[in-house]
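Each chain, letter by letter, is given below.
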Amino acid sequence: MKITPWLAASLFCFSASVSADAPFIEHTSGFFGNSMPLAECREQGKKAFSALGITEKTSTNPRNEVVGFKGDYKVVLYCVSDEGGCDEPAEPYASGGTIIVAGGNYATVKGLVDGVKAKLKLQ
């Protein structure tokens, strides 16, 4: 089998992509001072993303989460809902949230986690 320049370049690119460093992932969870409707949690998340320059994208779970990107960094806010008890409201309330960020530089990942947490005032 003759190795053509195209095949050699393809093998080099494939091996480089396989050995590339995995992204850094950081997360945190917290509670809101007062529970809020789930829709309000999502709206607050969208505002926090916008203030931090994170572009919102379509989520596979739009009921509980807000997903966005800032460059190559993926940011997810998952609103933790309360759905129990005898006095269950028509729409569940969010008692807190979890923020997850993945990307290539740990300082940037950590900064985005802390920024979203601060904007949402999670305790």
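From a predicted model like this one, the values you see are computed outputs, not experimental measurements.

Caption draft 1: Representation of the overall build of the protein within the structure. A tally of helices and strands in the protein yields three helices and five strands. Traced from its N-terminal end to its C-terminal end, the protein shows the element sequence α-β-α-β-β-β-β-α. The buried share among the 123 residues of the protein stands at 33%. Counted over contacts in the protein with a minimum sequence separation of 6, partners at least 24 positions apart contribute 57%. Just so you have it, the protein exposes about 7,800 Å², and 58% of that area is on carbon and sulfur atoms.

Caption draft 2: The side chain of Arg-42, seen in detail. The residue Arg-42 is located in helix H2 (residues 38-51) in this model. If near-sequence neighbours (up to four positions away) are discounted, Arg-42 is found in contact with Pro-62, Arg-63, Asn-64, Glu-65, Val-66, Cys-79 and Glu-91.

Caption draft 3: View of helix H3 (residues 106-120). Between its first and last C-alpha, H3 extends 21 Å over 15 residues, near the 21 Å set by a 1.5 Å rise per residue. Buried within H3 are the following residues: Val-109, Leu-112, Val-113, Gly-115, Val-116 and Leu-120. All buried residues of H3 lie within an arc of 165 degrees about the axis, which places them on one face of the element. Exposed residues lying more than 90 degrees from the buried face of H3 are Ala-107 and Ala-118. Elements in contact with the buried residues of H3: strand E1 (24-37), H2, strand E3 (65-70), strand E4 (73-82) and strand E5 (93-103). Just downstream of H3, Lys-121 is the residue with a positive phi angle, here 55 degrees.

Caption draft 4: Just H2, in detail. Helix length check: H2 (14 residues) gives 20 Å between terminal C-alpha atoms against 20 Å at 1.5 Å per residue, within 8%. Taken together, the buried positions of H2 are Leu-38, Cys-41, Arg-42, Gly-45, Ala-48 and Phe-49. Down the axis of H2, the buried set is contained in an arc of 120 degrees. They therefore lie on one face. In H2, the exposed positions angled more than 90 degrees off the buried face are occupied by Lys-47, Ser-50 and Ala-51. In this structure, the buried side of H2 is in contact with E1, E3, E4, E5 and H3. Looking one or two residues beyond H2, the residue adopting positive phi is Gly-53, at roughly 75 degrees.

Caption draft 5: Spatial organisation of the environment of Glu-40. Within the secondary structure, Glu-40 sits in helix H2. Each C-alpha atom of the pair Glu-40 and Cys-79 lies 9.7 Å from the other, and the pair is 39 residues apart in sequence.

Caption draft 6: Region of the structure containing the pairing of E3. Two elements, strand E2 (residues 55-57) and E3, share three bridges in a ladder whose sense is antiparallel. By the bridge assignment, Glu-56 is partnered in E3 with Gly-68. The sheet contact formed by E3 and E4 spans six bridges and is antiparallel. Bridge pairing links Val-66 to Leu-77 in E4. Taking the residues that link successive antiparallel strands as the turn, the E3-E4 hairpin has two residues, and the phi of Gly-71 there is positive, at about 65 degrees.

Cut-offs applied
Residues numbered from 1 in each chain as written. Predicted model: local features only at pLDDT ≥ 70, side-chain atom pairs only at ≥ 80, totals over all residues. Heavy atoms only, no water. Helix = DSSP H or I, 4+ residues; strand = E, 2+ residues; numbered from the N terminus. Buried < 20%, exposed > 50% of the residue type's maximum accessible area, 1.4 Å probe, protein only. Contact = heavy atoms within 4.5 Å. Areas by Shrake-Rupley, 256 points an atom, 1.4 Å probe, with all protein chains shown as cover. Expected span 1.5 Å × (residues − 1). Arc of directions from axis to C-beta. Pairing = 2+ DSSP bridges.

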